[in-house]
Structure formats: structure tokens, C-alpha cells
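Residue-level structure breakdown
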Amino acid sequence: MGQSTATRLKIVVTGGHPGDPECGCGGTIARYADLGHEVVLLYLNRGEGYCGGASLDRCASIRTSEAQRACKILKSRAIFADQYDGRAIVDSAHYESFAKLLAAERADVVFTHWPIDRHRDHRAISALTVDAWWSGGKSFALYYYEVAEDTTMFTPAEYVDIAEVESRRRAACYAHTSQQPAKWYPKQAEITRRHGAEVGFGQAEAFLRHPESRPAQLPAGSKVR
Ligand SMILES: [Zn+2]
């Protein structure tokens, strides 16, 4: 390990569906895990709405297995907020239950979807996450990530070099077989290649820290613009 792990951090990445945290943050997740930090992927739902050709009543179990396989590749753990794919509810009861679920993880750093996103579930978990952060007294550092095709109006400022772990991010995304990763993974790789070129890395995931958030300890070799 190239970096001291005297302080073992707890990292949580929240995402709308199985595959989103892996897609937007997979390289950073792998880098944190390799440094000995604990990483949890918190999915809003189990992807009940689509799993390729299989019947809908099998989707939750198929996609839960895919998520668990992806988490194993990234040396992380999956948890689920148990909402339903495509029917996200953002009301006071759900703000409360989500905040409780997140608080139980006692995170040092949380990554979530940038809120201006085409998918309702992504917008929902972004809102649930920032609300939990504010209501919990901003106890963790809060960063936003992007996913190919859905994220809009995102201008990141902090870059994590993922060149050496890109193949593991790819494997974690391809664990989501039912989502036909060959259709979307190349777009995500194009985004990280572009960000890499912006700061002189082969591949970089890029994030935006909430202006009220304390800075997190990002994996070594990261750059801020
Ligand atoms: Zn999604």
C-alpha cells in the first residue's frame, strides 16, 4: 500500500440502481478499498424495473446478485434502501428512514449522484442523501459524481487517478450482465478518459464537493482544480 491507513475511513457511495455507484465511482471505490478503507454501496432499489429478457418478478433477485458480485470485485459491501425501481418516493417518512439507514453506517465520506439528472431515481437518492447530511449535522464529507447519459450540467473539480484500477471498474460494471454493459460502459470510459486528459492522468473519475462540506482524504495522486 502506498498510503498510510492509520485512519481507516468508511466510505459510502449512494446510487439509484445496482450499477450506478460502480459506473460513476468504481475506480475510486477500488482505490479506497485497496488502501484498506471500508466501502459500502448503498442502492436505492434492487433494479426491479428491468433485467434484460427475464420476467420482472425475477429482476430484484437477479440484480441483487449482480450487485453483490460487483461489490466483491471492488472489495466493498452492498446495502439497499428497499425502494422500488422507477417509483422513488421522496417524502418525510422516506427522508427519515433513509437518514437512519445512512447514519447507521457512520460514514466519513459519502458520494452521491449529481442532482440534475435525467433519471428520477438518481435525483431522488441525491435529495435523500443531502437531506440526511444536513439533518445529521454534516457529519461526513459530501461529494457528487456523474453517470454516463443521465447526468447533466456537471462541472467537477476534484480528480482521482483510476488508470491502474480501470480494469476492475470495468469488471464491476460488466458484472451487471442484465443491463447490457457493452451499451453504456464505453460512454463512462470516454468520460473518465476526458477527465484524465484534463489533469494529466490516463483515466480519472472527477467529483464535486458540496461547498459546505469539509474536504475528504481522497486516494493519493488526486488533483483539485
Ligand atoms: Zn441508475
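Look up a bit, the structure's there.
For clarity, every value in this text was computed on a predicted model and none was experimentally measured.

1. A closer look at the pattern of salt bridges
- Inspection of every chain in the model, using the stated rule, returns 16 salt bridges.
- The closest approach of N and O atoms between Glu105 and Arg77, which form a salt bridge, is 3.0 Å. Taken as a pair, Glu105 in helix α3 (residues 92-105) and Arg77 in strand β3 (residues 77-83) lie far apart in primary sequence, 28 residues in all.
- The class of Glu105 is buried, set by a relative accessible area of 11%.
- The class for Arg77 is partly exposed, based on a relative accessible area of 35%.
- The partner of Glu190 in a salt bridge is Arg193, and the shortest N-O contact between them spans 3.1 Å. Pair noted here: Glu190 and Arg193 are both in helix α6 (residues 181-199), with a separation of 3 residues, about one helical turn.
- By relative accessible area, which is 40% here, Arg193 ends up partly exposed.
- Salt bridges here are not isolated pairs; linked through shared partners, they connect Arg8, Lys10, Glu38, Arg77 and Glu105.

2. Observations concerning the packing of helix α5 (residues 166-174) against α6
- Orientation of α5 relative to α6, taken along the N-to-C sense of each, is 150 degrees, at an axis distance of 10 Å. Judged by the inter-axis angle, α5 sits roughly antiparallel to α6. With respect to the hand of their crossing, α5 and α6 are arranged in right-handed fashion. Contacts from Glu166, Arg169, Arg170, Cys173 and Tyr174 of α5 reach α6 at Pro181, Ala182, Trp184, Tyr185, Pro186, Gln188, Ala189 and Thr192.
- Taken together, the residues of the contact of α5 with α6 sort by class into 8 nonpolar, 2 polar and 3 charged.

3. Focus: helix α4 (residues 120-135)
- In this model, α4 (16 residues) spans 22 Å end to end at C-alpha, consistent with the 22 Å of a helix rising 1.5 Å per residue.
- Of all the residues in α4, the buried ones are Asp121, His122, Ala124, Ile125, Ser126, Leu128, Thr129, Val130, Ala132 and Trp133.
- Downstream of α4 by a residue or two, Gly137 has a phi angle that is positive, lying close to 75 degrees.

Parameters at a glance
Residues numbered from 1 in each chain as written. Predicted model: local features only at pLDDT ≥ 70, side-chain atom pairs only at ≥ 80, totals over all residues. Heavy atoms only, no water. Salt bridge = Lys/Arg side-chain N within 4 Å of Asp/Glu carboxyl O. Helix = DSSP H or I, 4+ residues; strand = E, 2+ residues; numbered from the N terminus. Buried < 20%, exposed > 50% of the residue type's maximum accessible area, 1.4 Å probe, protein only. Axes fitted to C-alpha atoms, helices over the stretch in contact; angles between N-to-C directions. Parallel < 35°, antiparallel > 145°, perpendicular 65-115°, else oblique. Left-handed = near helix turned anticlockwise from the far one by under 90°. Contact = heavy atoms within 4.5 Å. Nonpolar A, V, L, I, M, F, W, Y, C, P; charged D, E, K, R; others polar. Expected span 1.5 Å × (residues − 1).

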